[in-house]
Amino acid sequence: METDEMKDILKSIMFSKIKYGLTIFAYVKENENYILKKFLINDELCSNIKNIINSVVEDKFLSDDCEVDIIDNISDDRKVLYEIVQNDDFCPFSIINNYKNVNEVYSEKEQDSLVGLLFRINLNDQAIWFYQHIYPVRMIKRSKSLYAMLNGNTYVTLDRDILKIDSRFDFLIINESIVTSNIKLLQTTFGFDKYIRSEAEKTISIISELDIVSDTEKIFAFSDKQKLTNAKKLLKAKNSPVLKMKKDKLISGLKKHPRYKDKFQFKDNQIVINSQKDVNELIKMLNDDIVRSDLTNREYDSATKYILEPLK
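Cut-offs applied
- Per chain, residue numbering runs from 1 following the sequence as it is written.
- Residue-level local features of this predicted model are given only where pLDDT is at least 70; pairs of side-chain atoms are given and counted only at 80 or more, and the full residue set underlies all totals for whole chains, interfaces and linings.
- Calculation of side-chain values draws on the structure's entire complement of heavy atoms; hydrogens and water are dropped beforehand.
- For Phe, Tyr and Trp, where Trp contributes only its six-membered ring, two rings pair if their centres lie within 6.5 Å, and the inter-plane angle classes them as stacked under 30 degrees, edge-to-face over 60, or tilted in between.
- Each helix is a run of H or I in the DSSP string that is no shorter than four residues. Each strand is a run of E no shorter than two, and both are numbered from the N terminus.
- At least two bridges found by DSSP between two strands is the condition for calling them paired.
- Inter-axis angles, ranging from 0 to 180 degrees, are taken between N-to-C directions of lines fitted to C-alpha atoms, where helices are fitted over the stretch in contact.
- Two residues form a contact once any of their heavy atoms are found within 4.5 Å.
- Salt bridge, as applied in this entry: a Lys or Arg side-chain nitrogen positioned within 4 Å of an Asp or Glu carboxyl oxygen.

J.: Can you lay out the packing of aromatic side chains for me, pointing to particular residues and giving the numbers?
T.: Enumeration according to the criterion identifies 23 aromatic pairs in this entry. Relative to phenylalanine 190, the ring of tyrosine 27 lies with its centre 6.2 Å away and its plane at 35°, an arrangement referred to as tilted. Here tyrosine 27, found in strand S1 (residues 21-30), pairs with phenylalanine 190, found in helix H3 (residues 183-190); they are 163 residues apart in sequence, far enough to count as distant. An angle of 65° between the planes, with centres 5.6 Å apart, marks the rings of phenylalanine 171 and phenylalanine 190 as edge-to-face.

J.: Any details on the pairing of strand S8 (residues 148-151)? Residues and values, ideally.
T.: Relative to strand S9 (residues 154-157), S8 runs antiparallel, the two being bridged by four bridges. Of the residues in S9, the one forming a bridge with leucine 150 is tyrosine 155. Between S8 and S9, which pair antiparallel in sequence order, lie two residues; one of them, glycine 152, sits at a positive phi of approximately 75°.

J.: Report on the sheet that holds S1, specifying residues and quantitative values.
T.: The sheet built from eight strands is open, its strands ordered S2-S1-S5-S6-S11-S12-S4-S3 with mixed pairing. The open sheet has two free edges, formed respectively by strand S2 (33-38) and strand S3 (68-70), since each of these has just one partner strand. Taking the axes of each pair of neighbouring strands and ignoring which way they run, one obtains an average angle of 30° across the sheet. For strand S4 (residues 81-85) and strand S12 (residues 177-180), the ladder comprises four bridges, and the chain directions are antiparallel. Pairing of tyrosine 82 across the sheet is with threonine 180, part of S12. On the sheet, helix H2 (residues 43-61) packs against S1, S4, strand S5 (114-123), strand S6 (126-133) and strand S11 (171-174) and is oriented at approximately 90° with respect to S1.

J.: Residues and numbers for the pattern of salt bridges, please.
T.: A complete count under the given rule lists 16 salt bridges for this structure. Here lysine 37 ties to glutamate 104 by a salt bridge, and the two come within 3.4 Å at their closest N and O atoms. Placement of the pair is lysine 37 in strand S2 and glutamate 104 in the loop between S4 and S5, with a sequence separation of 67 residues. For glutamate 110, the salt bridge goes to lysine 37, with nearest N and O atoms at 2.1 Å. You can see glutamate 110 sitting in the loop between S4 and S5 and its partner lysine 37 sitting in strand S2, a full 73 residues away along the chain. Each of Glu30, Lys37, Glu104 and Glu110 takes part in one network of salt bridges that share partners.

See the structure below:
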């Protein structure tokens, strides 16, 4: 999804002369499964929530500096929104496709199972969703402490739990796409870390099939580090144009390349992988991380902006 496409969809729904509809669902975890329940609100709260939604959309999603990039590029760690298209491998919100059949109503006794709120915005046949994660600190539970509130001039015991709805949204869901800058939440709550590692393994499989390296075991070890940094680099490399080249042409080109001919060792028409350093150089090459500035005529590592030593 292009940035302008996302903005056009939002504008067509949010700022139409016709008032859009708002339905809210509780995203609840029951017996390791996620389900939707109707989240009932009165007209005053509905109006206030719409004001929050309009404000967040304008400030976050329609601002001039808002940009959408594909999720494969998360290793770049840019201050942008990333889009991931849900598929069979990763589909945390497929449940919303069945929203019309949701009949159960969320109640106060289920607060310990509440994961988040899903806001369905619709205008005619168009619809978008916003997801807000509910953190425990956003809930006041009477069972934890004694709370008091003012009733006129007198404090009285708070007789209901309180849920805070923030002026933020963690995910925008349009059709099958999740748009977000909160990658950490995707990883910690929705299993996105497993998806990253799975996609990284696909990259290694492509490298193996191309038969351009002497040892893929060290690439697997590179990917399996506890932190996801290396797996994210391999995720990005999955779509590298380099991996679409013919093996002989690629190896021949690397042997002549002014930088890579000395970075790699070659044997039997393969890149020799002896260490994690070799793997790191391989991934940089696949992701085309070395760029030359036309202004300074110097080479940089595009991922870090570090100046590289001049070629001899």
